[in-house]
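Results of the structural survey
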Amino acid sequence: MAADPASMIDWGLLALDPPGWGGVLLAGLMSSIKIAIGGYSLGLVLGTGGAFGKLYGGPVTKDLLEIYTTVVRAVPELVLILLLYYAGTDLLNRLAASLGYGTVDISGLAAGIFVIGVVQGAYATEVMRGAILAVPPGQIEAARAFGMSPLLALRRVTLPAMLPHALPGLSNLWLITTKDTALLAVVGFSELTLVTRQAAGSTKAYMLFFCAAGVLYLALTLVSNLVIRLIEARARRGWAAR
Amino acid sequence: MSAGEKAAEPDSLVELPPEESTVEATALTRLPSGRGFLKPHRVVLMAIAASIVFCAVWFLRWDWLPDYAGRLAHGVGVTLLMLFGTCLLGFVLAVPIGLVQVTGPWPLKLLAKGFCTIIRGTPLLLQLWLLYYGLGSLFPQFPAIRQSFLWPVLREAWPYGVAALTMSFAAYEGEVMRGAFAGVPKGELEAARAYGMSRWKVFRRIWLPRAVHRALPTLNGETVLQLKSTPLVATITVIDVYAVVSKIRQVTYLTYEPLLLLALIYLCLTALLVLAFRYFENKIPTRSA
Amino acid sequence: MPGIEGAAPMTERAEAIAVTNLHKRFGALEVLKGISLTAYEGDVIAIIGGSGSGKSTFLRCINMLEVPSEGSVAIRGEPIAMKQDGLGGLAPSDRRQVQRLRSRLGMVFQSFNLWQHMTIIQNVIEAPVHVLGVSKAEAVARGEALLRRVGLFEKRDAYPAFLSGGQQQRAAIARALAIQPHAMLFDEPTSALDPELVGEVLGVIGDLAKEKRTMLLVTHEMKFARNVANHIVFLAHGVIEEQGPPEQIFGAPKSERLKKFIHSSH
Amino acid sequence: MPGIEGAAPMTERAEAIAVTNLHKRFGALEVLKGISLTAYEGDVIAIIGGSGSGKSTFLRCINMLEVPSEGSVAIRGEPIAMKQDGLGGLAPSDRRQVQRLRSRLGMVFQSFNLWQHMTIIQNVIEAPVHVLGVSKAEAVARGEALLRRVGLFEKRDAYPAFLSGGQQQRAAIARALAIQPHAMLFDEPTSALDPELVGEVLGVIGDLAKEKRTMLLVTHEMKFARNVANHIVFLAHGVIEEQGPPEQIFGAPKSERLKKFIHSSH
Amino acid sequence: AAEPLKVGFAAEPYPPFASPDAAGKWEGWEVEFMQAICAQAKLDCVITPVAWDGIIPALTSKKIDMIVGSMSITPERLKTIDFSDKYYNTPTGVIGPKSEKFDATPAGLKGKTIGVQVATIHQDYANKYFGSAGATVKEYQTQDEANNDLAAGRLDAVQADAIALDAFLKSDQGKQCCELKGNVKDDPEVLGAGVGVGLRKGDTELKDKVNAAIKAIRANGTYDTFSKKYFDFDIYGG
Ligand SMILES: Nc1ncnc2c1ncn2[C@@H]1O[C@H](COP(=O)(O)OP(=O)(O)OP(=O)(O)O)[C@@H](O)[C@H]1O
Ligand SMILES: Nc1ncnc2c1ncn2[C@@H]1O[C@H](COP(=O)(O)OP(=O)(O)OP(=O)(O)O)[C@@H](O)[C@H]1O
Ligand SMILES: [Mg+2]
Ligand SMILES: [Mg+2]
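Now for a look at the structure at hand. Just so it is clear, the structure is predicted and the values come from calculations on it, not from any experiment. Per chain, residue numbering runs from 1 following the sequence as it is written. A letter from A marks each chain and a number from 1 marks each ligand, given out in the order of writing. Where totals are concerned, whole chains, interfaces and linings use all residues; where local detail is concerned, this predicted model gives features only for residues with pLDDT of at least 70, and gives and counts side-chain atom pairs only at 80 or more. In computing side-chain values, all of the structure's heavy atoms are included and hydrogens and water are not.

On to the site of ligand 1, then. Here a residue is near a molecule or strand as soon as one of its heavy atoms is found within 4 Å of it. Inspection of the region around ligand 1 gives 20 residues, with S164 of chain C together with S51, K55, S56 and T57 of chain D positioned closest. At ligand 1, the nearby residues belong to more than one chain, namely chains C and D. By the criterion applied in these results, polar contacts are pairs of N or O atoms within 3.5 Å in which, for protein atoms, one can donate a hydrogen and the other can accept it, and in which residues neighboring in sequence qualify only through two side-chain atoms. Between ligand 1 and G54 of chain D, the relevant distance is 2.9 Å, taken from an oxygen atom to a main-chain nitrogen or oxygen of the residue. Only the protein chains shown count as cover for residues, and the accessible areas themselves come from Shrake-Rupley with a 1.4 Å probe. When the free accessible area of ligand 1 is taken as 640 Å², the share hidden by the protein chains comes to 83%. Note on conventions: DSSP H or I runs of at least 4 residues are helices, E runs of at least 2 residues are strands, and numbering of each starts at the N terminus. For the shell around ligand 1, the secondary-structure elements that each account for two or more residues are α6 (165–177) of chain C together with β2 (29–40) and α2 (55–62) of chain D.

See below:
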């Protein structure tokens, strides 16, 4: 047994071409990013709508949104995706069959993005709700006083004014999304976590592949942080320095 | 899913009918009162929920439930213990992590920033795994540790689970607290300093409560996320409710029933968390436009 | 009402703002207890009264920032349509109408409420460009002229958080003027200004009055009220305790409360 | 300086606040350009001047909310220890000393700065209980008395966001009085008050003056300055352009600028 | 041509039975077994990897048609899905550190901590025989994790099927620390009737084809041919 642990590591396993797994890991990372961007965008849209519905909607809207955020945030994503993807397509197919149509096949990718978007939307709703509450009410009142429609006031005043308050929470959500893509393994989608497990399980080099995946995730985070910092610097213009 | 309705949010302050929104009443919470709670549309929603529950009970297989009731209860206990333990510890760490990023000297700022980046940037599973199988399996190599009084603890799995979950919560929450600290109006801190409060007192009496209050909605979300992160400890042999349900699934090969039960349990736990947070949030009324 | 009680023959002028039997309750607290007031075009009405007497609330009810609990408001003869909101209160029934009417009511808030994420010039051109659809170049040109008028031209690219109180207040006035309002609602437009600037603002308001712009202003400065207004309304405990032309209000107050109020301001 | 130029024989009184050659720069902008001023115990000094002339900044330098770029400040004869901060500026060298001195300087901010997460009474008792160590019961009793004095007793359990502007300002005054300060720094204490309340606040300030409490107040209300102050300081472009007893400043101003300033306030 | 038959494999690798290589090609004993029966039954089969968590719903919602995933046949599971006849069955062993001497009996394991993979027949067995006799049973999500903890000294013993244990004992880590303490006494009621192909309930046509194919490849020697490449003992069991 070699004394030097470094010599035990078979770096060849990370080579880009088979039998090395490097290429597979990178492809997994790209898939993860794709799904994350799709799901997160959907989540932002749902979250913005949800936050406004919760704050300014009628009593029915409010209750429905409260159920949405509570249920979706409460139920583990795995359960949601199994229910939506399998039970959902099952029901759809039965419906289609009884109406005389052929079977429909929802792609795992679409279902995955949808589920992640719906889940992110619930969290984003809460983050944005808090951020809007943090905007001094006078700012929004002033927008109204100048005859802005709710949508215009949202776009021109409320959203930019709440952004500094919302950004930390939203950037957390983004980082969580990039890792939540692991869920799509359940529907047979190869993203970074699944291929890491496959590589580790096939080669037994657990430490190596988990750390490699960690480095990839970390790189993604660092790039994200850079972008977030740019957005934050822009959003906080006009805030007196502390 | 009936717990969802129970958690349904009562009307927010701005929407209260006039007779309920006196200045005095705003000091009360917005939690549902019996009269406000049972509005017509709520009754409809509850009826829908009841019928869903009925369908679930009627058309699915639940004969396995009695066999696992005890283990499930134990699992819920482990989940709750993990959740509260790590959230409390994590929050205690998150406050200084958020604070030094706003005002601290640059070495501390850098340290906190780095910690947050690394923890938030890598999957929790990997951290857990590195701690338990990496660090944890180094300990037995040292006879000194093996003989020491610490060994019975280090030999267990839960300390590693607690450590990993705590760090994760601290990192995510530290980021939230950073935003919250930065968002407290400068004038209010100045007023506190102008009255001769020491830095610590300004922090404890004004800055922290104000920041926590405005961070509560996000904090609530992070806590629910933490609840859903706890199942990862099953990979290091800590059996929480999620692990019990996975086991039921593997033993019976049932698809949906155990998952629905799991969803219900998580719903109840989340509903409790949401209600608790909403209560604290509403202790201080905010005027929103 | 000014049109009736005012000295000048005002009856042939058009109504600019008409408020009828306005009530406003915050929970159990009834802040406004039935206020009726008509402002004709070109009227400058000063609203005076003790702290907490409901002056700001009254102004905010006119452009529906606070929804009245009872009563009606009409702008340029057009009543704001209201409906029951199901909870025993009122609510405007036509949002677009409210927006349209608001877009020509310039409001200056007691606490300025400048948009913190925009520079001063951006604050000023925001409503003209995005609500009224004025071209950006034109709005900037007009906005800069206004900023020059209130002495803030050099601060055009500063953010509100970096301005002194008086500077913020002047920026808020410029912002309200930028929409070329039919009527202006001023909530203590001079509270943070030094006498020199008060004079300037007074000049601006006088000019506006000449342009036939109607103005409602809440103020604590009696001298200012006396100089600029053609009608004074004294609010106390949610009702109009007394009203009339400045000479009458300051020269020969009738009610005990007003007498005491006027006296303390000398 | 008031002690020298004031009419009354003030020289035997102790120094309350002494400022020597105070400079303050924000980046390239020099807001204060060497200000020296001594306030003796019982002095009421009104600081007047145009918007942006540096009045608020001057007041904030006294209790080190803004650290002066140059110069020194002494409270009750005790100079605030300063050191170079390594970046070419100054910094207080003894934090505890600053805290101790601040705890007896009551400050009322231009924008009130009430703590939004506390009710009014909690705002008022905060500093007495947590800085001065007064028992809670005593602080509440005293706080309620103060709130009654400023007419806010019914609002004791309301949160600041739900108060009118004048109510917030009165709450801020009560909060400053609650620490039984040796000296008070008022930044436009009456800007949001109606004349009646201005009278009351004036009374309060007069009482405080009788109790030998020193006061520095920034104000735009010349009448108020004239009535309450025994010394007036006119600030312009970062320097003391002129100072003296009210009769002299308002009756026989010397500098052109002051003349213009005074004139516009009539 | 007819739709190809989709055969579900667990996406998580389980060597030496089934694991993908870096190029995405699946290999292992179960892969060859699957190919053999598909050839025998003249079925057009494609491998469809699905995460273990979703494999049963994938079967019931017809996204796959059968599961070849080392699934042990137990009465409890038969309530939910159907199984073919068994296609392998391995003895159950116990391993432990070389430094300690004990055997795989309830008496030998008294007071010891035994690691098992969660929700396997081994867990049930260990609970029934060793847990009741004073041993602590610890559940692991994967076999590798249990093996790891044994090597790290957090466990005194690991119970699993002989193949998994054999592979571990042959690895560098296993060679150093541990040895086989013996096979446990058989109990078909707990240890089950071996591993079968998972099928949808009611899919009897496919079930008959698979059963016939298993019988045929057992009879014509195909089964033994490919088994020899992986194991040096009879994996079909008694
Ligand atoms: N933090 C800061 N950074 C940059 N410039 C500042 C800052 N604070 C104040 N200033 C500038 O310093 C000048 C003086 O401000 P200050 O608030 O002292 O005026 P002021 O005399 O109190 O005016 P007002 O009567 O309007 O309140 C102004 O031009 C202001 O823009
Ligand atoms: N949103 C609210 N909720 C509850 N009470 C309110 C609210 N807004 C105002 N009030 C109360 O209504 C009363 C009138 O307030 P308003 O702001 O109209 O007074 P004001 O006449 O403008 O006083 P000031 O001169 O001090 O600005 C006050 O007692 C105030 O506390
Ligand atoms: Mg007001
Ligand atoms: Mg100022």
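Around ligand 2, the surrounding shell holds 20 residues, and the nearest of these are S51, S56 and T57 of chain C together with S164 and G166 of chain D. Near ligand 2, the surrounding residues belong to chains B, C and D. In this structure, S53 of chain C approaches ligand 2 through a main-chain N or O atom, which is 3.3 Å from an oxygen atom. Separating an oxygen atom of ligand 2 from a backbone N or O atom of F162 of chain D is a distance of 3.4 Å.

Residues and elements named next belong to chain C. Of note in this structure, Q180 is not a glycine but carries a positive phi near 45 degrees. Position of Q180 relative to the elements: it lies in the loop between α6 and β9 (183–187). Of note in the backbone geometry, H237 takes a positive phi value of approximately 50 degrees without being a glycine. Residue placement: H237 occurs in the loop between β11 (231–236) and β12 (239–244). The class of H237 is exposed, set by a relative accessible area of 53%. Only protein chains enter the area calculation, which uses a 1.4 Å probe; residues under 20% of their type maximum are buried, those over 50% are exposed, and those in between are partly exposed.

Residues and elements named next belong to chain E. Pairing between strands requires that DSSP locate at least two bridges from one strand to the other. Spatially, the five strands line up as an open sheet ordered β4-β1-β5-β12-β6, and their pairing is mixed. With partners counted over all chains shown, the strands left at the sheet margins are β4 (45–50) and β6 (82–88), one partner each. This sheet shows a mean twist of 35 degrees between the axes of neighbouring strands, independent of strand direction. With six bridges joining them, strand β1 (residues 5–10) and β4 adopt parallel strand pairing. Bridge pairing in β4 places A10 opposite V50. Note on geometry: axes are C-alpha line fits, over the in-contact stretch for helices, and angles between N-to-C directions span 0 to 180 degrees.

The next thing to look at is helix α10 (residues 256–264) of chain C. Regarding α10 of chain C, the residues found buried are L258, F261 and I262 of chain C. Each buried residue of α10 of chain C lies within a common arc of 95 degrees when the element is viewed along its axis, so the set occupies one face. Opposite the packed face of α10 of chain C, turned more than 90 degrees from it, sit the exposed residues E256, K260 and H263 of chain C. Contacts are residue-level and defined by heavy atoms, with any inter-residue pair within 4.5 Å sufficient. Looking at the packing, one finds that the buried side of α10 of chain C touches β3 (44–49), α8 (222–228), β11, β12 and α9 (246–251) of chain C together with α7 (195–210) of chain D. It is the directions from the helix axis to the C-beta atoms whose arc is reported.

With that out of the way, let us pick up helix α10 (residues 222–230) of chain E. Residue and element names in this part refer to chain E. Within α10 the residues assigned to the buried category are Y223, F226 and S227. Taken down its axis, α10 places every buried residue within 105 degrees of arc, on the same side. Among the exposed residues of α10, those pointing more than 90 degrees away from its buried face are T225, K228 and K229. Residues of α10 that are buried in the fold lie against α1 (29–40), β6 and α9 (204–220).

Okay, the arrangement of the chains next. The chain pair with the greatest number of contacts, out of seven pairs of chains in contact, is formed by chains A and B. Structurally, chain C and chain E remain out of contact, their C-alpha atoms never closer than 48 Å.

Least squares is the method used to superpose the copies, on C-alpha atoms of residues holding a pLDDT of at least 70 in both. Expressed as a screw transformation, the operator carrying chain D onto chain C has a rotation angle of 178 degrees and an axial translation of 0.2 Å, and the superposed copies differ by an RMSD of 0.1 Å. The transformation relating the two chain copies, once decomposed into turn and shift, fits a two-fold axis. It is S191 of chain D whose C-alpha, among those of chain D, lies nearest the rotation axis, at 2.5 Å. Same-surface contact between copies: 96% of interface residues of chain D are shared with the interface of chain C.

On to the interface of chain D and chain C, then. With 27 residues of chain D at the contact, the number on the chain C side is 27 residues. Counting the surface lost from both chain D and chain C, the interface buries some 2,000 Å², and carbon and sulfur atoms represent 51% of this. The buried area of a pairing is the accessible area, by a 1.4 Å probe, that goes missing from both parts when the two are put together, added over both. For the chain D face of the interface with chain C, the top three residues by lost area are S51, P195 and E196 of chain D, together amounting to 29%. Think of a salt bridge as a Lys or Arg side-chain nitrogen and an Asp or Glu carboxyl oxygen that are within 4 Å of each other. In this structure, the connection of chain D to chain C is made through zero salt bridges.

It is worth spelling out the sheet that holds strand β8 (residues 105–108) of chain C at this point. Residue and element names in this part refer to chain C. As summarised here, the arrangement of the six strands in space is β8-β9-β10-β3-β11-β12, forming an open sheet in which the pairing is mixed. At either margin of the open sheet sits one strand with a lone partner, and together these are β8 and β12. Across the sheet, the mean angle separating the axes of adjacent strands is 15 degrees when strand polarity is ignored. Strand direction decides the pairing type here: β8 and β9, joined by four bridges, are parallel. Directly across from G106, in β9, lies its bridge partner M184. The strands touched by α10 are β3, β11 and β12; relative to β11, the strand with the most contacts, the crossing angle is about 105 degrees.

All right, on to empty space enclosed by the protein then. Here a cavity is any set of points on a 1 Å grid over the protein atoms alone where a 1.4 Å probe fits but cannot get out, and a pocket is any open set with protein on both sides within 12 Å along at least 5 of 7 lines; a residue lines the site when it has an atom within 4 Å of a point. Grid points are joined across faces, edges and corners, and a volume is the space filled by probe spheres set on the points. All chains considered together, the criterion is met by 11 cavities of 30 Å³ or more. Of the pockets and cavities examined, the largest cavity occupies roughly 150 Å³. What lines the largest cavity is a set of 14 residues, among which H165 of chain A together with A180, R214, A215 and T218 of chain B lie closest to the centre. Looking at the lining of the largest cavity, the elements with two or more residues in it are α5 (108–134) and α7 (150–180) of chain A together with α10 (158–183) and α12 (199–229) of chain B.

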